[in-house]
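Take a look at the letters that make up each chain.
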Amino acid sequence: MRRKLAAGNWKMNGTATALAELETLARAFPSPSVDVLICPPATLLHRAAKALGGTDIAVGGQDCHAATSGAHTGDISADMLADAGATSVILGHSERREDYGEQNDDIRAKARAAMDVGLKTVICVGESLEQRDAANTLDIIGGQLSGSIPDQSTGENLVVAYEPIWAIGTGKVPTLNEIGEVHDFIRARLERRFGEGVGRSVRLLYGGSVKPTNASDIFAVSNVDGALVGGASLKALDFSGIIDALSKV
Ligand code: PEP
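Structural notes, computed from the coordinates. No experiment lies behind these values; they were computed from the predicted model shown.

1. A closer look at helix H8 (residues 176-201)
Next, step 1: Compared with the 38 Å implied by 1.5 Å per residue over 26 residues, the 22 Å span of H8 between its first and last C-alpha is markedly short.
Next, step 2: The largest bend along H8 measures about 135° and falls at Gly195.
Next, step 3: Residues of H8 that are buried: Ile179, Gly180, Val182, His183, Phe185, Ile186, Arg187, Leu190, Phe194 and Gly199.
Next, step 4: Elements in contact with the buried residues of H8: strand E5 (120-125), helix H6 (129-133), helix H7 (137-148), strand E6 (158-162), strand E7 (203-207) and helix H9 (215-219).

2. Some points on the packing of H7 against H8
Next, step 1: Viewed as axis vectors pointing N to C, H7 and H8 meet at an angle of 40°, and their least axial separation amounts to 11 Å. In this structure, the crossing between H7 and H8 has a hand that is right-handed. Counted together, Thr137, Leu138, Ile141, Gly142, Leu145 and Ser146 of H7 and Glu181, Val182, Phe185, Ile186, Arg189 and Arg193 of H8 form the full contact between these two elements.
Next, step 2: Looking at the contact of H7 with H8 residue by residue, the classes come out as six nonpolar, three polar and three charged.

3. Remarks on the sheet that holds E7
Next, step 1: Around the barrel, which closes on itself, the eight strands sit in the order E1-E2-E3-E4-E5-E6-E7-E8 with parallel pairing between neighbours. Strand after strand, the sheet turns through a mean of 25° between neighbouring axes, direction not considered.
Next, step 2: Sheet topology places E6 next to E7; four bridges connect them, and they run parallel. Its bridge partner lying in E7, Val159 is registered against Arg203.
Next, step 3: Taken strand by strand, H7 contacts E5 and E6, and its axis lies near 150° from that of E5.

Reading guide: rules and limits
- Residues numbered from 1 in each chain as written.
- Predicted model: local features only at pLDDT ≥ 70, side-chain atom pairs only at ≥ 80, totals over all residues.
- Heavy atoms only, no water.
- Helix = DSSP H or I, 4+ residues; strand = E, 2+ residues; numbered from the N terminus.
- Expected span 1.5 Å × (residues − 1).
- Bend = angle between axes of the 7 residues up to and from the residue.
- Buried < 20%, exposed > 50% of the residue type's maximum accessible area, 1.4 Å probe, protein only.
- Contact = heavy atoms within 4.5 Å.
- Axes fitted to C-alpha atoms, helices over the stretch in contact; angles between N-to-C directions.
- Left-handed = near helix turned anticlockwise from the far one by under 90°.
- Nonpolar A, V, L, I, M, F, W, Y, C, P; charged D, E, K, R; others polar.
- Pairing = 2+ DSSP bridges.

And the structure:
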C-alpha cells in the first residue's frame, strides 16, 4: 500500500509571518492519515522545521546543488537542506527547467546527491501545451523519467510528480482521463525499469491547479497517490481542504 502524500510547494513566497499558516495546519492535523510535506523557500526552512517539530508534518527544499560543497555562490547542497531540517527536496520543477535551463542529466545528478544524504526526492516531469497538442506527451514524459531518475531510486527515496506545465498556476487542469493516462504510463515505465516491487511502491503525485474543489475527483484517478500543490498550499485553509480530500480516498 502506498501512503498518500500531500506536498505543498511555496515557491518564492513567504516571510516569517507565513509560519503562522504552518502552525494552523499542524493544529488542524495533529495526526494526519496521509503524509503532509511543506516546501517553503530556503530562508524559512529551518524556522519551518522548528515550528513543525514534534508534529507529523515534514518540510522539504525546492532544489539542491549536485555537489556536496564548494564554490557555487547562491546554491544550497542537499546536506545543507538536511541540516536545516528538510527530509525531502523537490527537483526538476518545470520552473527550474525553464528559468535555469535544468536538463534531465542535471536533475539526475541532484537527485543522486539528495538520495546520498537520505533525502526523499520529488522529481517533477511534465509536458508543455505545444508538446501535448503535438501528441508528444508520453514521449516527453518517458524521456524525462529515464533521464532524471537515478538508478538508486526506491519507493522510499523517490516520488514522481506529473505536472503538465500548462496547468501550473493557470487554473487549467487536464481531464481525469488525461491524468490517468499519464499516471498509468509512469507506473508502467517505473515497473519496467525497477521491477514490479519498486515500481509499484513509488508514489505518483499530480500537480497543476489542484484546489479543494477539484481535489477529490483527481484523487479518485488510478495511480494518483496525492498532489504537489503550489498556490493552494500557501493558506492553511485551502491546503487543509486538499489534505481532507486525500484522507478520504
Ligand atoms: C506547482 O508549482 O508545483 C504547482 C502545481 O502550482 P499550482 O498548484 O499553483 O498550479
